[in-house]
Amino acid sequence: MVLVTAVRDYVSRMLRDISGMKVLILDTNTVSIISVAFSQSELLQKEVFLVETLETVSKEMMTHLKAVCFLRPTAENIQHLKRHLYFPRFGEYHLYFSNILKTHYIQILGDSDEHEVVQQVQEFYADFVAVDPYHFSLNLPSNYVYMLQPVSDPQNSQRFCDRVVDGIAAVFLALKRRPVVRYQSSSDIARRIAQEIARLMYEEESGLFDFRRSEVAPLLLVLDRRDDPVTPLLNQWTYQAMVHELLGIKDNKVDLRNVPKVPKDQQEVVLSSEQDAFFKANMYENFGDLGMNIKRMVDEFQQKAKSNQNIQTLEDMAKFVDNYPEYRKMHGNVSKHVTMVTEMSKIVDERKLMSLSHTEQDLACNAGQVAAVEAVMNHLNDENVSDLDRLHLVMLYALRYEKESPIQLEQLVHKLSLRPTRYKPGLVHFLLKQAGVEKRTGDLYGNRDFFNRARNMARGLKGVENVYTQHQPLLYNTIESIVKGRLRDIDYPFIGNHFQQGRPQEVIIFIVGGTTYEEARTVALQNAANTGTRIILGGSDILNSKKFLKDLEEAHRVAQTSVI
């Protein structure tokens, strides 16, 4: 059972069990959880006639409606619920929580229900945003915290870890699994989270986590984003990843309000593999193939449009009316994808991304320091290259050659500083401090392992099908090591007295600091290969280069403040 299905099953059961007209009351987190799993029309079909947020302050009485509350079990939400129960606006309240509800919260709710409007209180474990079948996020607002020592921001650090542990626990409760836990040895926060989730499962062993054991236990592997800082810095050239990099995706929605001449009904569009067949078929395609596939979709639509225009009899008209909803949906779908691809093509041209990305891919995949420094300097000398892209290039160079060419690196950083920019050149050195070679566990550039070197050399000799998509995230090698039983205990130790005999059939990899859509593609292709091991990828957020740099900036600011 994949995560999208789990969330849909929970919510469908929740709404099905309550007859009559309903209002769905959500918090800021569960709005995201529901919105990626259900469309508004689907909720309407389940007799949900109104959706409100828990913080909504209204005196309008609607006792004919039944309130279905789907909320995270937080102290803040319990306080809001108390207010609702003291002055109930709805005839009934059905309370569902997305995770484990503390006993004293139940007591508080019981004491607050003076009007006896609460009909039931249940836990439905869906405390994560299932953006794709094998990819989930926690959408954490303070995502930068993972880069800091706990003493720098203790309150946010604890809150961050607690939320991650809650989210991972909900995933395993939804899947009805109890995993063995491993973590990246070089990361304190990965170790801390791994220990906390293991402790929670131990404490709840005879209750919530009392599941039938499989012959080979599922695996939870907790990683740190800083082990692969390259992937979130690269421009992307496959559809879903490229949309997120150039336009931005939030809860499977793309904001197109800044795109000229976009009609009102297309200013925010849904990009979901569950609701859009064309996107599902093309989300991992490279940009060149995507253009041809969109042209075929447009041609097919035009053919259908012509046949619909040829209405000569009442029978023709009846047939058109029957097909109109599908025709209208297809029209909106064609328009949506054409608009996004046209806008991305414009951005590619304006920012000279084909040339820049060629250099980025060379920095990520091919050794050659002399040619690299010349290529980066040429881009820095081009006044038309954006500040964001200039910083990308210098950071990618720094990560690759930090030990080989410190003098040339300083020259590039100095060159960055000569032009006024919102990005501080000091971020380059802060990135190296956070994610330099001495901090990383994985073999990011394939330099340490003979087999990796041989494979990279073979790939270089044969060439690659597309120079813009030759990069493979470090996660690819990690998954390969798991599947082949080569994940080293010294690099990824187990929590407790656990070990695994045999290859796990289910693996959840959680990246503290956030995932990327390039990594989600890697997981999806791995699952499609049917190796016998199913991978699910999760993270504290979903990154593009702007979000990664924003987190880096915020961590840098807090680190400097705490030192002072």
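Residues numbered from 1 in each chain as written. Predicted model: local features only at pLDDT ≥ 70, side-chain atom pairs only at ≥ 80, totals over all residues. Heavy atoms only, no water.

The biggest cluster of nonpolar side chains holds 160 residues, and the ones touching the most others in it are F128 and I509. Here this core takes twelve residues from helix 6 (residues 154-175), the largest share from any one element. Apart from residues no more than four positions distant in its own chain, I509 is found in contact with L221, L223, L475, I479, I482, I535, I536, L537 and G538. If you look at the next biggest cluster of nonpolar residues, it comprises 20 residues, including C69, L71, L81 and V117. (Core = buried A, V, L, I, M, F, W, Y, C linked by side-chain atoms within 4.5 Å. Buried < 20%, exposed > 50% of the residue type's maximum accessible area, 1.4 Å probe, protein only. Helix = DSSP H or I, 4+ residues; strand = E, 2+ residues; numbered from the N terminus. Contact = heavy atoms within 4.5 Å.)

In terms of burial, helix 18 (residues 474-483) is largely enclosed, as seven of its ten residues are buried. Residues L474, L475, N477, T478, I479, I482 and V483 constitute the buried set of helix 18. Downstream of helix 18 by one or two residues, G485 has phi in the positive range, about 70 degrees.

Inspection of the secondary structure puts N156 in helix 6. Look at N156 and you get buried, because its relative accessible area is 18%. Sequence separation of N156 and I106 is 50 residues, and the distance between their C-alpha atoms is 26 Å. Look past the residues within four positions of N156 in its chain and what remains in contact with it is S142, Y144 and V145. Polar side-chain contacts of N156 include one of 3.4 Å to the side chain of Y144. Engagement of the side chain of N156 in a polar contact is seen with the side chain of D153, the distance being 3.0 Å. (Polar contact = N/O pair within 3.5 Å; in protein donor to acceptor, adjacent residues only side chain to side chain.)

Pairing between the strands of a sheet comes from backbone hydrogen bonds, and it takes one of two forms, parallel or antiparallel. The sheet built from six strands is open, its strands ordered 6-7-13-12-9-8 with mixed pairing. Only two strands of the sheet have a single partner each, and these edge strands are strand 6 (129-132) and strand 8 (180-183). Mean inter-strand twist for the sheet, computed between neighbouring axes without regard to direction, equals 25 degrees. Where strand 8 and strand 9 (residues 219-224) come together, four bridges link them in parallel fashion. Residue Y183 lies in a different strand from strand 9, and its bridge partner there is V222. Docked against the sheet, helix 6 engages strand 7 (135-137), strand 9, strand 12 (506-512) and strand 13 (534-539), running at close to 165 degrees with respect to strand 12. Lying on the sheet, helix 18 is in contact with strand 9, strand 12 and strand 13; it crosses strand 9 at an angle near 155 degrees. (Pairing = 2+ DSSP bridges. Axes fitted to C-alpha atoms, helices over the stretch in contact; angles between N-to-C directions.)

According to the stated counting rule, one finds 29 salt bridges in the structure shown. Close ionic contact of R89 with E52 constitutes a salt bridge, the shortest N to O distance being 3.1 Å. Pair noted here: R89 is in the loop between helix 4 (75-86) and strand 4 (90-97) and E52 is in strand 2 (residues 48-53), with a separation of 37 residues, a long-range link. Using a relative accessible area of 11% as the deciding quantity, one classes E52 as buried. R419 is the partner of D387 in a salt bridge, and the nearest nitrogen-oxygen pair spans 2.8 Å. With D387 in helix 14 (residues 387-401) and R419 in the loop between helix 15 (406-417) and helix 16 (426-435), this residue pair connects regions lying 32 residues apart in the sequence. Residue classification places D387 among the partly exposed positions, given a relative accessible area of 24%. When its relative accessible area of 17% is taken as the criterion, R419 is described as buried. (Salt bridge = Lys/Arg side-chain N within 4 Å of Asp/Glu carboxyl O.)

The subject of this paragraph is the packing of helix 14 against helix 15. Put simply, helix 14 and helix 15 touch, their axes get as near as 10 Å, and they point 165 degrees apart. By the angle between their axes, helix 14 is roughly antiparallel relative to helix 15. Along this stretch, helix 14 crosses helix 15, giving a crossing that reads as left-handed. Residues R390, L391, V394, Y397 and A398 of helix 14 pack against Q408, L409, L412, V413, K415 and L416 of helix 15. In terms of residue class, the contact of helix 14 with helix 15 is built from eight nonpolar, one polar and two charged. (Parallel < 35°, antiparallel > 145°, perpendicular 65-115°, else oblique. Left-handed = near helix turned anticlockwise from the far one by under 90°. Nonpolar A, V, L, I, M, F, W, Y, C, P; charged D, E, K, R; others polar.)

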